Amino acid sequence: MLFSFASIIALPLVAVATIVPLVEPAGHTHSFVPSTVKPKGRNMTINGVRTYVTLPKKKYDKGTAVLFLTDVFGLPSIDSPLLADKFAEAGFATFAPDYLNGDALVQGANHSEWRVSHTEAHTTPSLLAVINGLKKKGFKTTGYCYGGLYVTRLVQNNTIIVGSMTHPSSLSVPNDWILAKEVSKVPVHINSAEFDTGFRLPLALATDEVMGNGRYEPGYWRTQFDNVGHGFGVRVDPINATQVAAKQGAFDNTIQFFREHLY
Ligand SMILES: *[C@@H]1O[C@H](CO)[C@@H](O)[C@H](O)[C@H]1NC(C)=O
Ligand SMILES: *[C@@H]1O[C@H](CO)[C@@H](O)[C@H](O)[C@H]1NC(C)=O
Ligand SMILES: *[C@@H]1O[C@H](CO)[C@@H](O)[C@H](O)[C@H]1NC(C)=O
Ligand SMILES: *[C@@H]1O[C@H](CO)[C@@H](O)[C@H](O)[C@H]1NC(C)=O
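What counts, and at which threshold
- Residues numbered from 1 in each chain as written.
- Chains lettered and ligands numbered in written order.
- Predicted model: local features only at pLDDT ≥ 70, side-chain atom pairs only at ≥ 80, totals over all residues.
- Heavy atoms only, no water.
- Near = heavy atom within 4 Å.
- Polar contact = N/O pair within 3.5 Å; in protein donor to acceptor, adjacent residues only side chain to side chain.
- Areas by Shrake-Rupley, 256 points an atom, 1.4 Å probe, with all protein chains shown as cover.
- UniProt positions renumbered as here; feature names shortened; annotations may be inferred.
- Helix = DSSP H or I, 4+ residues; strand = E, 2+ residues; numbered from the N terminus.
- pLDDT = per-residue confidence, 0-100.
- Contact = heavy atoms within 4.5 Å.

### Quick notes on the site of ligand 4
Line of reasoning, step 1. Asn 227, Asn 240 and Gln 243 make up every residue found near ligand 4.
Line of reasoning, step 2. Residue Gln 243 places a side-chain N or O atom 3.1 Å away from an oxygen atom belonging to ligand 4.
Line of reasoning, step 3. Alone, ligand 4 offers 360 Å² of accessible surface; in the complex the protein occludes 36% of this.

Quick look at the structure:
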């Protein structure tokens, strides 16, 4: 189900920049999780911003952290803390800031109306407040959908040491990658989906065109998951083996990329 971008034949660059659309979630806004399953971490306030904090049980590197940037459903969606807990189980102190400022998207709400009050101008101050409050030496950052845009911004600003994103949205392709290539020293990893209606295959290939085959010196890896669509890294039907494997695979690749780029 997984193939390496190196095997893709390069396609010509798309002539105009495309903004990766935010995809309306189909059906439920979170996975079905039995009520007995509870998040292991807790909400804390860091520099005035609510942040879900989840720490490894074993000894871990206190100088670095994983910054977990949620999708539009934010901290209230059970998928967010449970996925953040997996990063902690993998050995990383993990922090998920509520950069949606207590106003995550809820089921049935109008997405495009919600967007108006959740632009970069609204979101970035809370995100940077948490980063400044933590004062770690290095951040490894993972973002899902909406969070992918912010991982890209942190890559472009050289604020983090590694950036990984899963079905990112709202980026400008190829412009955001051309900018990253000019200014950034941060390795980039992307988990994409064959049937994403946002970060569609042509946009993924246009990203490879800028970043792939060694063209992006800090390091680039895109892994694609077949038979799944937007949101696959977060929401799954727990009895669907394809969906469960793709979500796990995206997580595993993110961890692998983090470990390969320690500093
Ligand atoms: C953290 O805060 C959010 C609200 O932003 C809430 O929905 C969620 O249940 C809280 N999580 C925990 C683990 O307390
Ligand atoms: C959401 O709001 C926009 C702008 O107000 C409107 O054009 C659109 O039809 C609405 N969508 C739905 C599904 O109601
Ligand atoms: C990145 O840097 C730009 C330019 O200084 C700034 O406007 C923006 O808020 C920064 N974004 C993030 C997420 O760091
Ligand atoms: C499992 O999920 C995949 C991807 O979303 C879908 O194509 C497939 O039809 C699903 N299988 C079942 C049995 O629902």
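### Some remarks on the UniProt feature "domain: Dienelactone hydrolase" (unreviewed entry) in the protein chain
Line of reasoning, step 1. The sites that carry the UniProt feature "domain: Dienelactone hydrolase" (unreviewed entry) are, in the present numbering, residues 50–261.
Line of reasoning, step 2. Structurally, residues 50–261 comprises 39% helix and 22% strand, and the distance from its first C-alpha atom to its last is 28 Å.

### Describing the confidence of the model for the protein chain
Line of reasoning, step 1. Taken over all residues, the pLDDT of the protein chain has a mean of 90, while the share at 70 or more is 92%.
Line of reasoning, step 2. Across residues 1–14 the pLDDT falls below 50, and counting only partners more than four positions away or on other chains, this stretch makes 32 contacts in the model.

### As for unusual backbone geometry
Line of reasoning, step 1. The linkage connecting Val 173 with the following residue, Pro 174, adopts the cis geometry, with an omega of 5 degrees.
Line of reasoning, step 2. Within the secondary structure, Pro 174 sits in the loop between strand 9 (172–173) and helix 5 (175–183).
Line of reasoning, step 3. A positive phi is found at Asn 101, a non-glycine position, where the angle reads about 55 degrees.
Line of reasoning, step 4. In this structure, Asn 101 sits in the loop between strand 6 (94–97) and helix 2 (111–116).
Line of reasoning, step 5. Backbone geometry places Lys 135, a non-glycine residue, at a positive phi of 50 degrees.
Line of reasoning, step 6. If you trace the backbone, Lys 135 turns up in the loop between helix 3 (120–134) and strand 7 (138–144).

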